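Report on the structure
The lines below spell out each chain.
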Number of protein chains: 2
Amino acid sequence: MSLNSNRTTTGPRVIAVGVGPGDPELVTLKGARLLGEADVVITPVGDKGDGSIARAIVAGLVDPARQEIVEQVFPMRRDRAGLAEIRRASARMMAAHVAAGRTVAFVTLGDPFLYSTFLYVYHYLREEFPATPVEVVSGVSSIHAAAARADLPLGLADERIAILPATFEDERLRRALADFDTVVLMKVFRVFAQVRELLRELDLLAGAVYLKRVGLPDETVVTDLDQVRDDDLDYLSLIIVKKIR
Amino acid sequence: MSLNSNRTTTGPRVIAVGVGPGDPELVTLKGARLLGEADVVITPVGDKGDGSIARAIVAGLVDPARQEIVEQVFPMRRDRAGLAEIRRASARMMAAHVAAGRTVAFVTLGDPFLYSTFLYVYHYLREEFPATPVEVVSGVSSIHAAAARADLPLGLADERIAILPATFEDERLRRALADFDTVVLMKVFRVFAQVRELLRELDLLAGAVYLKRVGLPDETVVTDLDQVRDDDLDYLSLIIVKKIR
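Calculation criteria
- Residues numbered from 1 in each chain as written.
- Chains lettered and ligands numbered in written order.
- Predicted model: local features only at pLDDT ≥ 70, side-chain atom pairs only at ≥ 80, totals over all residues.
- Helix = DSSP H or I, 4+ residues; strand = E, 2+ residues; numbered from the N terminus.
- Rg over C-alpha atoms; globule rule 2.2 N^0.38 Å.
- Buried ≥ 20, exposed ≤ 12 C-beta atoms within 10 Å, placed from the backbone.
- Contact = placed C-beta atoms within 7 Å.
- Pairing = 2+ DSSP bridges.
- Nonpolar A, V, L, I, M, F, W, Y, C, P; charged D, E, K, R; others polar.
- Least-squares fit on C-alpha atoms with pLDDT ≥ 70 in both.
- Axes fitted to C-alpha atoms, helices over the stretch in contact; angles between N-to-C directions.
- Parallel < 35°, antiparallel > 145°, perpendicular 65-115°, else oblique.
- Left-handed = near helix turned anticlockwise from the far one by under 90°.
- Domains from an automatic or database assignment.

We now examine the overall build of chain A. Each helix and strand counted, chain A has seven helices and 10 strands in total. What you see for chain A is a C-alpha radius of gyration of 19 Å, in line with the 18 Å of a compact globule of 245 residues. With respect to the three principal axes, the spread of C-alpha positions in chain A is 60 × 40 × 35 Å. The buried share among the 245 residues of chain A stands at 49%. A separation threshold of at least 6 residues defines the contact pool for chain A, and within that pool the share at least 24 residues apart is 72%.

In structure tokens, the structure reads:
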């Protein structure tokens, strides 16, 4: 395994800046400084309306008069080849900036190394432009912000934590709910009803909290999952299940 | 379930400030601001030498001439009753400060809601001083910083992540390594040799990285677990195991 170049801290480079879950004050001092220093700042935009979030978070930290602020669209659903081409083009553009002596900051919600758009672009950067230096500035994950809002510690002492993405096969989900003290179900909106019924069956509803758009002005926290309405379902949603001991 | 008071953002209160993995620049803007504004700042000290870490991180953010900076010892090993008394005393002290109109910032490495000393004190705060307002300021977890340093994404797309603490029963560890794409083994120093043999048996060594004291000046990253020496084992250590797909 080749170790990364993501300790690079000087010279033209790509910097993946984790800006946290939504509150502009949850950006790190380092992230704020590097966003202000970069020549080019890229804010990825999905087509689910979460793109303006990144731009809103960094608005007070960048200066359009001095820096190039680029909004880049990464659609959520698209054919695989089309998605690959968009990600490859993003990598190519960033590598070209760096080759021309410019430092590029790529804004990522939460942390760059956890379920981020950056990871896809990073793949192509490493594959096609391995000489382009990359620095990663870790950020506060929305999972941590969600735990604080739900008042459910992710892990205490020797507790075991599982983080599962949107699609759940029933058997493996059951096993995770049996084996782990805390289970975080990401992007749960598509399968919410069936997950709720499984939690009811396993008698785990009492320690389950649904959170939507954590850290954003319209965040919602629902401690009784039976009170979650269809309107509450959102792409940026998760459930934290904690076994009450 | 009663929802928390941790949205409190004005008035005398206890603020748990996650200051990140070690680099003082990985403190959030909010954490830095609130540490500077607090009347009392508590830095917990273990008896494993990691205590001065918290103090070093906040050194540039607090002002001993204006604020009361308190170092509080939380021993790692002690009888249960003794530990409970220390944590209860910490909660009592914080509640007394708040009752007297002072805001107390409790510094926690990483994030306050993930394996932190704060969670123990919080338990007593909630139990014995439920009227004391508590705010939680999420921080960057060392797990995220470790993933960036190891160049191993924690999760991409629909990948599943397990975070397991120090003690591993062989069967459940095997099951986690089978079921999950990424497994983070926390505080692995006591059982390092047996974990390494298990990873060898399961042919998972190629995607395993050992990290010690991530974010601190003496951090160590070892990508070949057979190169880890006894000297490298440390309380603040973890292994990230990533299945190479």
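That shown, we press on.
Here we come to the pairing of strand β5 (residues 134-137) of chain B. Residue and element names in this part refer to chain B. Neither face of β5 is left uncovered, since the one carrying V134 and V136 and the one carrying E135 and V137 both have all their residues buried. Sheet analysis places strand β1 (residues 14-18) next to β5, joined by four bridges and oriented parallel. When the sheet's bridge partners are listed, I15 is paired in β5 with E135.

The interface of chain A with chain B comprises 47 residues on the first partner and 47 residues on the second. Taken together, the residues of the side of chain A that touches chain B sort by class into 26 nonpolar, 11 polar and 10 charged. As paired strands, strand β6 (residues 161-164) of chain A and strand β6 (residues 161-164) of chain B are joined by three bridges and run antiparallel to one another. Opposite A:I163, over in β6(B), you have B:I161 as the bridge partner.

Turning our eyes to something else, we now look at the relation of the copies chain A and chain B. Note on the copies: chain A fits chain B at an RMSD of 0.0 Å, the axial shift is 0.0 Å, and the rotation between them is 180°. Such values leave the two copies arranged in the relation of a two-fold axis. Of every C-alpha in chain A, the one belonging to A:T28 sits nearest the axis of rotation, 1.9 Å from it. Of the residues that chain A buries at the interface, 100% are likewise interface residues in chain B, meaning the two copies contact each other through the same surface.

Here we come to the sheet that holds β1(B). All names here are of chain B. Strands sit in the order β3-β2-β4-β1-β5 across an open sheet of five strands; the sheet is parallel. Each edge of the open sheet is held by one strand with a lone partner, namely β3 (68-73) and β5. Recorded for the sheet is a direction-independent mean angle of 20° between the axes of neighbouring strands. Note: strand β2 (residues 40-45) against β3, six bridges, orientation parallel. Residue V40 lies in a different strand from β3, and its bridge partner there is E68. Set on the sheet, helix α1 (residues 29-37) makes contact with β1, β2, β4 (104-108) and β5; between it and β1 the angle comes to about 135°. Together, β1, β2, β3 and β4 form the strand contacts of helix α3 (residues 80-99), whose direction differs from that of β4 by roughly 145°.

Another point: the packing of α3(B) against helix α4 (residues 117-128) of chain B. All names here are of chain B. Contact geometry for α3 and α4: axes closest at 8 Å, N-to-C directions at 60°. In terms of orientation, α3 and α4 fall into the oblique class. Between α3 and α4 lies a crossing whose hand is right-handed. Taking contact as the criterion, the partners of R87, R88, S90, A91, M94 and A95 in α3 are, on α4, Y120, V121, Y124, L125 and E128. Tallied by class, the residues present in the contact of α3 with α4 amount to seven nonpolar, one polar and three charged.

What follows is about the sheet that holds strand β8 (residues 208-212) of chain A. Reading across the sheet, the 10 strands line up as β9(A)-β8(A)-β10(A)-β7(A)-β6(A)-β6(B)-β7(B)-β10(B)-β8(B)-β9(B) and stay open at both edges, with mixed pairing between neighbours. Since the sheet does not close on itself, it has two edges, and those belong to β9 (220-222) of chain A together with β9 (220-222) of chain B, each with one partner. Strand-to-strand twist across the sheet, computed as the mean angle between neighbouring axes with direction ignored, equals 15°. Pairing geometry for strand β7 (residues 182-186) of chain A and strand β10 (residues 237-242) of chain A, over five bridges, is antiparallel. Each bridged residue has a counterpart across the sheet, and for A:L185 the counterpart in β10(A) is A:I239. Sheet contacts for helix α6 (residues 170-179) of chain B: β6, β7 (182-186) and β10 (237-242) of chain B; angle to β6(B), the most-contacted strand, approximately 155°.

All right, on to the domain arrangement of chain A then. You'll often see interface size given as the accessible area lost when the parts meet. Residue and element names in this part refer to chain A. Structurally, chain A comprises domain 1 (14-137) and domain 2 (142-242). Taken residue by residue, the interface counts 10 residues in domain 1 and eight residues in domain 2. Residues belonging to the side of domain 1 that touches domain 2 are distributed by class as follows: four nonpolar, three polar and three charged.

Residues and elements named next belong to chain B. Non-glycine residue D151 carries a positive phi angle of around 60°. Following the sequence through the fold, D151 ends up in the loop between α5 (142-150) and β6. Judged by the 23 C-beta atoms lying within 10 Å of it, D151 falls in the buried class. One non-glycine residue with positive phi stands out, namely A157, at about 55°. With respect to the element layout, A157 can be found in the loop between α5 and β6. Given 12 C-beta atoms within 10 Å, A157 falls into the exposed group.

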